[in-house]
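A look at the structure
The primary structure of each chain is shown beneath.
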Amino acid sequence: MEKALKSEVIKSFAKSEKDTGSSEVQIGILSSRINELTEHLRANKKDKSTQHGLLMMVSRRKKLLKYLNRKDHAAFLAITEKLNIRRH
């Protein structure tokens with residue numbers, strides 16, 4: 001992920017100016033990386049190590065979303081709507 005794209009994601013999800021580690025920011029960064037890797041895997045179907053890394057990222061994002069749902073349901077709804085993530 002490029003530095004400029006990462007800083008854009010951080011700015012769009014940060015609660016304050018110096019916020020870089022909140023759940024919302026982490027979910028946003030993971031989502032953009034997941035989208036990049038998904039495009040890579042569409043072109044390179046046999047890249048199993050990238051596929052394994054992608055599955056680990058999806059599971060980490062799922063855990064963060066579960067935590068955010070318990071902690072702040074309104075923020076969970078907002079971020080899933082903004083990132084177009086299915087929620088169960």
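Attention here is on the structure that accompanies the text. What you see is a predicted model; the values in this text were computed from it and never measured.

1. Remarks on helix α2 (residues 23-43)
With 21 residues, α2 ought to run about 30 Å at 1.5 Å a step, and its terminal C-alpha atoms sit 31 Å apart, in line with that. Within α2 the residues assigned to the buried category are Ser23, Glu24, Val25, Ile27, Gly28, Ile29, Leu30, Ser31, Ser32, Ile34 and Leu41. Buried positions along α2 lie against α1 (3-13), α3 (48-71) and α4 (73-83).

2. Topic: unusual backbone geometry
Although it is not a glycine, asparagine 84 adopts a positive phi angle of roughly 60 degrees. Within the element layout of this structure, asparagine 84 appears in the segment after α4. The class of asparagine 84 is exposed, set by a relative accessible area of 70%.

3. So, the packing of α1 against α2
Two packed helices can be described by the angle between their axes and the distance between those axes. For the pair α1 and α2, interaxial distance at closest approach is 8 Å and the crossing angle is 140 degrees. On the basis of the axis angle, α1 is oblique to α2. For the element pair α1 and α2, the recorded crossing hand is right-handed. For the pair α1 and α2, contact is made by Leu5, Lys6, Val9, Ile10 and Phe13 and by Glu24, Val25, Gly28, Ile29, Ser32 and Glu36, respectively. Its residues assigned to classes, the contact of α1 with α2 shows 6 nonpolar, 2 polar and 3 charged.

4. Details of the nonpolar core
The biggest cluster of nonpolar side chains holds 18 residues, and the ones touching the most others in it are Phe13, Val25, Ile27, Ile29, Leu65, Leu68 and Ile79. For this core, the element with the highest residue contribution is α2, accounting for 6 residues. The contacts of phenylalanine 13, once residues within four sequence positions are left out, are Glu24, Val25, Gly28, Ile79, Lys82 and Leu83.

5. Examining a positive patch on the surface
Residues Lys6, Arg33, Arg60 and Lys63 make up a contiguous surface patch of positive charge. Turning to its location among the elements, lysine 63 is positioned in helix α3.

The rules behind each value
Residues numbered from 1 in each chain as written. Predicted model: local features only at pLDDT ≥ 70, side-chain atom pairs only at ≥ 80, totals over all residues. Heavy atoms only, no water. Helix = DSSP H or I, 4+ residues; strand = E, 2+ residues; numbered from the N terminus. Expected span 1.5 Å × (residues − 1). Buried < 20%, exposed > 50% of the residue type's maximum accessible area, 1.4 Å probe, protein only. Contact = heavy atoms within 4.5 Å. Axes fitted to C-alpha atoms, helices over the stretch in contact; angles between N-to-C directions. Parallel < 35°, antiparallel > 145°, perpendicular 65-115°, else oblique. Left-handed = near helix turned anticlockwise from the far one by under 90°. Nonpolar A, V, L, I, M, F, W, Y, C, P; charged D, E, K, R; others polar. Core = buried A, V, L, I, M, F, W, Y, C linked by side-chain atoms within 4.5 Å. Patch = residues over 30% accessible without salt bridge, like charges linked within 9 Å, V, L, I, M, F, W, Y side chains within 5 Å. Areas by Shrake-Rupley, 256 points an atom, 1.4 Å probe, with all protein chains shown as cover. Salt bridge = Lys/Arg side-chain N within 4 Å of Asp/Glu carboxyl O. Lys, Arg positive; Asp, Glu negative; His and termini not counted. Charge placed at Lys NZ, Arg CZ, Asp CG, Glu CD.

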